[in-house]
Amino acid sequence: MGLFDRLLGSDKQQAPATKREPAKKEEAFFLDADTSSSMGNVDFMRQSNTIRRTFPGTVDSPGNKEIVDEVASLTARRVKESAGLGDPKPAEAQADLTGGIPKQVKKTFCEPMTMAELDERKRGSSFGVNVPGGPAAIKAEQEQQAEVAAQEQKPASTSTSQSKAGDIGAFKGWVKDL
């Protein structure tokens, strides 16, 4: 071992290194494309399959319709197609009877509307449908506003015995008195 020999001081002459012979060149070995692929049975995939589709007729073209396709992994071709199946309808030419006369423009100016007319139109339409809670929430809100208006019309009593716990009605009365 070269490291210990140098440290321990042995003066032995080392034998010259033997020349290694180059490795024998082996001939290159290549697989053909079909053998090297891992797609399975390539011959099976390359064979063509015939697909036959049948369809019922229509009022315009009665009778059974048929399409026959020949399909392989790399190619596809239509062998047979019945008449009246998938044919584009010929574009019907429409005659223009106006002869280039432009149509009269419809005037869509806004007309002034009173609040009563607006309320009447709102009542019959879907006004307020996309509001959170829907029409029921709008109706409940209107009822609450009516109750509040009715309570405001009644004289407010400052008696604490009639008020509920946590009610600030007494404080409102004191503010009115100031």
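Our subject in this report is the structure included herewith. A quick note: this is a predicted structure, and the numbers were derived from the prediction, not measured.

Focus: the overall build of the protein chain
Helix and strand counts for the protein chain come out as six helices and three strands. Its helices and strands taken in sequence order, the protein chain reads α-α-α-β-β-β-α-α-α from the N to the C terminus. Within the protein chain, buried positions represent 8% of all 178 residues. Taking the contacts inside the protein chain whose residues are at least 6 apart along the sequence as the reference set, 12% of them involve residues at least 24 apart. Accessible surface, the protein chain as shown: approximately 17900 Å² in total, 55% of it carbon and sulfur.

Quick look at the environment of lysine 65
Relative to the helices and strands, lysine 65 resides in strand E2 (residues 65-71). Each C-alpha atom of the pair lysine 65 and glutamate 81 lies 7.9 Å from the other, and the pair is 16 residues apart in sequence. Excluding anything up to four places from it in sequence, lysine 65 contacts Arg53, Thr54, Phe55, Pro56, Gly57, Ser82, Ala83 and Leu85. Of note is the side chain of lysine 65, whose polar atom sits 3.4 Å from the backbone oxygen of proline 62.

Some remarks on the sheet that holds strand E1 (residues 49-55)
Sheet strands pair by backbone hydrogen bonding; their relative direction is either parallel or antiparallel. Spatial ordering of the open sheet is given by E1-E2-E3, a layout of three strands whose pairing is antiparallel. A strand with exactly one partner marks an edge of an open sheet, and here the two such strands are E1 and strand E3 (76-81). On average, each strand axis in the sheet is tilted by 20 degrees relative to the strand beside it, whichever way the strands run. As paired elements, E2 and E3 share five bridges and run antiparallel to each other. From the neighbouring strand, aspartate 69 faces E3, where its bridge partner is arginine 78.

Quick word on the packing of aromatic side chains
If you walk through the whole model with that rule in mind, you get one aromatic pair. Summarising the aromatic geometry, the rings of phenylalanine 171 and tryptophan 174 are spaced 5.0 Å apart at their centres and angled 90 degrees between planes, so their arrangement reads as edge-to-face. Remark: tryptophan 174 and phenylalanine 171 occur in helix H6 (residues 169-177); sequence separation between them is three residues, near one turn of the helix.

Some words on the pairing of E2
Judged by how many residues are buried, E2 sits mostly within the fold: five of seven residues are covered. Bridging between E1 and E2 involves seven bridges; their strand directions are antiparallel. Residue pairing in the sheet places threonine 54 in a bridge with glutamate 66 of E2. Taking the residues between adjacent antiparallel strands as the criterion, E2 and E3 are bridged by four residues.

Quick word on the pattern of salt bridges
The full count for this structure, using the stated rule, is six salt bridges. A salt bridge links arginine 78 to aspartate 69; the nearest nitrogen and oxygen atoms lie 2.9 Å apart. For arginine 78, a relative accessible area of 45% gives the class partly exposed. Salt bridges here are not isolated pairs; linked through shared partners, they connect Arg53, Asp69, Arg78 and Glu81.

Concerning the side chain of aspartate 69
Position of aspartate 69 among the secondary structure elements: in strand E2. Side-chain polar atoms of aspartate 69 contact the side chain of arginine 53, separated by 3.4 Å. For aspartate 69, the side chain forms a polar contact with the side chain of arginine 78, separated by 2.9 Å.

Criteria and thresholds
- Residues numbered from 1 in each chain as written.
- Predicted model: local features only at pLDDT ≥ 70, side-chain atom pairs only at ≥ 80, totals over all residues.
- Heavy atoms only, no water.
- Helix = DSSP H or I, 4+ residues; strand = E, 2+ residues; numbered from the N terminus.
- Buried < 20%, exposed > 50% of the residue type's maximum accessible area, 1.4 Å probe, protein only.
- Contact = heavy atoms within 4.5 Å.
- Areas by Shrake-Rupley, 256 points an atom, 1.4 Å probe, with all protein chains shown as cover.
- Polar contact = N/O pair within 3.5 Å; in protein donor to acceptor, adjacent residues only side chain to side chain.
- Pairing = 2+ DSSP bridges.
- Axes fitted to C-alpha atoms, helices over the stretch in contact; angles between N-to-C directions.
- Phe/Tyr/Trp six-rings, centres within 6.5 Å; stacked < 30°, edge-to-face > 60°.
- Salt bridge = Lys/Arg side-chain N within 4 Å of Asp/Glu carboxyl O.

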